[in-house]
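# Observations on the three-dimensional arrangement
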Amino acid sequence: MTEAVVGQAAVDHLLEVLDLAPTGAMSFRGLSPSVGPQRVYGGQVAGQALVAAGRTVDPERVVHSLHGYFVRAGDAAEPIEYEVENVRDGRSFSVRRSVALQHDKPIFFMSASFQRPEEGLDHQAPVPPKVPGPDAVPTMAARLARHRERLGIWEQIPRPIDVRYVGEPGWVAPGERPADPHQRVWMRIDGNLPDDPLLHACALTYASDLTLLDSVLSTHGEVWGPGGVIGASLDHALWFHRPFRADEWFLYDCWSPSASGARGLAAGRMFTVDGRHIASAVQEGLLRRVGG
């Protein structure tokens with residue numbers, strides 16, 4: 001079995017995925033990783049859509065929010081075409097609409113807003129208390145070694161993000177996960193990124209879809225896969241609050257306010273090691289039980 005690419009090699013591969021090819025003044029083409037699931041990972045298409053939108057905006061304006069909907073499953077074997085609409089360029093804000101298409105049909109669309117940096121009021125919610133640091137929780141390699149039989153293709157996919165779960169992840173065996181109202185993980189891009197704020201925002205967008213929906217399952221002690229639940233992202237929203245580097249550790253503190261009607265709502269906050277609240281995310285997903 002092929003081992004997953006990790007470290008800077010995996011990060012360089014992610015940079016290639018995020019480096020869209022221009023096909024017009026407001027259009028771009030993106031590719032998926034050569035090794036991966038048949039369906040396109042949601043964080044990838046959201047990150048690429050933000051790349052497309054950001055490349056049409058004055059670089060001095062930084063993204064502060066995005067709102068997107070996943071409307072069709074993407075085919076990882078096919079290129080993704082991105083079309084960007086200039087909704088508005090004001091004195092302080094620029095708004096773009098970015099649509100991802102395959103076979104001339106939208107698979108994802110997103111609105112993103114960019115702002116010229118300004119000074120203003122500043123406060124934030126407190127950092128979650130008594131959370132062990134990234135060096136005090138198991139590495140992903142240590143976690144994977146215990147559950148290889150449940151991973152399938154996910155064991156081979158390049159891992160550009162160093163993810164360290166504070167509690168049990170959602171891919172353990174049924175019955176092995178205690179219920180926990182919070183799903184907390186430490187994350188960072190597992191290598192060095194160029195000094196481009198848009199690229200760091202796109203990398204954080206890519207990472208934000210990895211564990212967010214799992215907080216719905218964590219609330220019930222449920223797991224992904226056979227004997228548990230299968231799911232798909234329906235929408236995704238992300239707000240960027242303060243400057244950050246995605247290649248430095250941040251805590252992703254996620255929880256689920258509600259689940260009903262085979263849908264679950266998840267919310268998350270991201271904090272740097274020194275306690276700065278850098279971003280917030282909200283996502284709703286489709287969740288259905290599957291047999292063992």
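Just so you know, the residues in each chain are numbered from 1, in the order the chain's sequence is written. In view of the model being predicted, local features appear only for residues whose pLDDT reaches at least 70, and side-chain atom pairs are presented and counted only at 80 or more, with totals across whole chains, interfaces and linings using the full set of residues. Calculated side-chain values reflect all of the structure's heavy atoms, with hydrogen atoms and water omitted.

The name an unreviewed UniProt entry assigns to the protein chain is Acyl-CoA thioesterase II, from the organism Micromonospora qiuiae. UniProt positions are given in the numbering used here, feature names are shortened, and annotations may be inferred rather than shown by experiment. Among the UniProt annotations of the protein chain, the heading Sequence similarities (unreviewed entry) holds the following wording: "Belongs to the C/M/P thioester hydrolase family."

## Examining the overall build of the protein chain
Broken down by element type, the protein chain carries 5 helices and 12 strands. In terms of overall size, the protein chain behaves like a compact globule, its C-alpha atoms giving a radius of gyration of 18 Å where 292 residues would be expected to give roughly 19 Å. Oriented by its inertia axes, the alpha-carbon framework of the protein chain measures out at about 55 × 45 × 40 Å. Counting over 292 residues, the protein chain shows a buried share of 50%. Contact criterion: two residues are considered in contact whenever any of their non-hydrogen atoms come within 4.5 Å of each other. In the protein chain, once contacts between residues fewer than 6 apart in sequence are set aside, the share between residues at least 24 apart is 73%. Of the roughly 14,000 Å² that the protein chain leaves accessible, carbon and sulfur atoms contribute 54%. When charges are counted, Lys and Arg contribute as positive and Asp and Glu as negative, whereas His and the chain ends are disregarded. Throughout, a charge is located at the NZ atom of Lys, the CZ atom of Arg, the CG atom of Asp or the CD atom of Glu. Within the protein chain, one finds 28 positive and 35 negative side-chain charges whose respective centroids are separated by 5 Å. In this description a helix means any DSSP run of H or I spanning at least four residues, a strand means any run of E spanning at least two, and both kinds are numbered starting from the N terminus. For the radius of gyration, the atom set is restricted to C-alpha positions; the globular benchmark scales as 2.2 Å times the number of residues to the power 0.38. Each residue gets one of three labels from its accessible area relative to the maximum for its type: buried under 20%, exposed over 50%, partly exposed in between, using a 1.4 Å probe on protein chains only. Note on areas: Shrake-Rupley, 1.4 Å probe, and residue coverage restricted to the protein chains presented here.

## With respect to the UniProt feature "domain: Acyl-CoA thioesterase 2 C-terminal" (unreviewed entry) in the protein chain
As recorded in UniProt, the sites labelled "domain: Acyl-CoA thioesterase 2 C-terminal" (unreviewed entry) are residues 175-286. Counting secondary structure, residues 175-286 comes out at 17% helix and 46% strand; the distance between its end C-alpha atoms is 22 Å.

## Section: the nonpolar core
Working definition of a nonpolar core: buried Ala, Val, Leu, Ile, Met, Phe, Trp, Tyr and Cys residues. They are joined through side-chain atoms within 4.5 Å. The biggest cluster of nonpolar side chains holds 63 residues, and the ones touching the most others in it are V45, L50, Y82, F108 and F240. If we skip the residues at most four places from it in the chain, Y82 touches L20, M26, S27, F28, G30, V45, Q48, A49, A52, S98, V99 and A100. By size, the runner-up hydrophobic cluster in this structure holds 5 residues, among which are V131, V137, W249 and L251.

## Description of the sheet that holds strand β11 (residues 263-272)
In a beta sheet, neighbouring strands are held together by backbone hydrogen bonds and run either parallel or antiparallel to one another. Strand order in this open sheet of 12 strands is β1-β2-β4-β5-β6-β3-β9-β12-β11-β10-β8-β7, and the pairing throughout is antiparallel. For this open sheet the edge positions go to β1 (21-24) and β7 (161-165), each flanked by a neighbour on one side alone. The sheet shows a mean angle of 25 degrees between the axes of neighbouring strands, taken without regard to direction. Strands were regarded as paired on the criterion that DSSP finds at least two bridges between them. As defined by bridge partners, β11 adjoins strand β12 (residues 277-289) across 9 bridges and the pair is classed as antiparallel. When the bridges of β12 are listed, A266 appears paired with Q283. Here an axis means a line fitted to C-alpha atoms, over the contact stretch when the element is a helix, while the angle between two N-to-C directions is reported on a 0 to 180 degree scale.

## A look at unusual backbone geometry
Unusually for a residue other than glycine, H103 sits at a positive phi of about 55 degrees. Checked against the element boundaries, H103 lands in the loop between β5 (93-102) and β6 (105-115). Positive phi values are uncommon outside glycine, yet A262 reaches one of about 65 degrees. Mapped onto the elements, A262 comes out in the loop between β10 (250-260) and β11. With a relative accessible area of 37%, A262 lands in the partly exposed category.

## Concerning helix α2 (residues 42-54)
By this rule, a helix spans an expected 1.5 Å times one less than how many residues it contains. If you check α2, its first and last C-alpha atoms are 18 Å apart, about what 13 residues at 1.5 Å a residue would give, namely 18 Å. For α2, the tally of buried residues reaches 13 of 13 residues, placing the bulk of the element in the interior.

## Description of the packing of aromatic side chains
Ring pairs are drawn from Phe, Tyr and Trp, using the six-membered ring of Trp, whenever the two centres fall within 6.5 Å, and their geometry is named by plane angle: stacked under 30 degrees, edge-to-face over 60, tilted for the rest. Tallied over the full model, the rule gives 5 aromatic pairs. On the numbers, 6.0 Å between centres and 90 degrees between planes, the contact of Y165 with W171 is edge-to-face. Here the two residues Y165 and W171 agree in accessibility, since each one is buried. Here F240 and F244 contribute two aromatic rings whose centre-to-centre distance is 6.2 Å and whose plane-to-plane angle is 10 degrees, an arrangement assigned as stacked. F244 shares its class with F240; the two are buried.

## Some words on the pattern of salt bridges
Salt bridges are defined by distance alone: a side-chain nitrogen of Lys or Arg within 4 Å of a carboxyl oxygen of Asp or Glu. All told, the structure shown has 16 salt bridges when counted by the stated rule. Measuring nitrogen to oxygen at the nearest pair gives 3.7 Å for the salt bridge that ties R164 to D135. Here R164, found in strand β7, pairs with D135, found in the loop between β6 and α3 (140-145); they are 29 residues apart in sequence, far enough to count as distant. Residue classification places D135 among the exposed residues on the basis of a relative accessible area of 71%. A salt bridge links D214 to R177; the shortest N-O distance between them is 2.7 Å. Of the two residues, D214 sits in helix α5 (residues 214-220) while R177 sits in the loop between β7 and β8 (182-189), which places them 37 residues apart along the sequence. One salt-bridge network, in which partners are shared between bridges, spans D135, D162, R164 and R188.

## Thoughts on the environment of S208
For S208, the position within the fold is in helix α4 (residues 197-208). Taking the C-alpha atoms as reference, S208 lies 20 Å from R97; in sequence the two are 111 residues apart. Residues within four places of S208 in sequence aside, it is in contact with H236, L238, Y252 and M270. Separated by 2.8 Å, the side chain of S208 and the backbone oxygen of T205 make a polar contact. Under this definition, polar contacts are N or O atom pairs within 3.5 Å; protein pairs additionally need one hydrogen-donor-capable and one acceptor-capable atom, and for neighbouring residues in sequence, both atoms have to be side-chain atoms.

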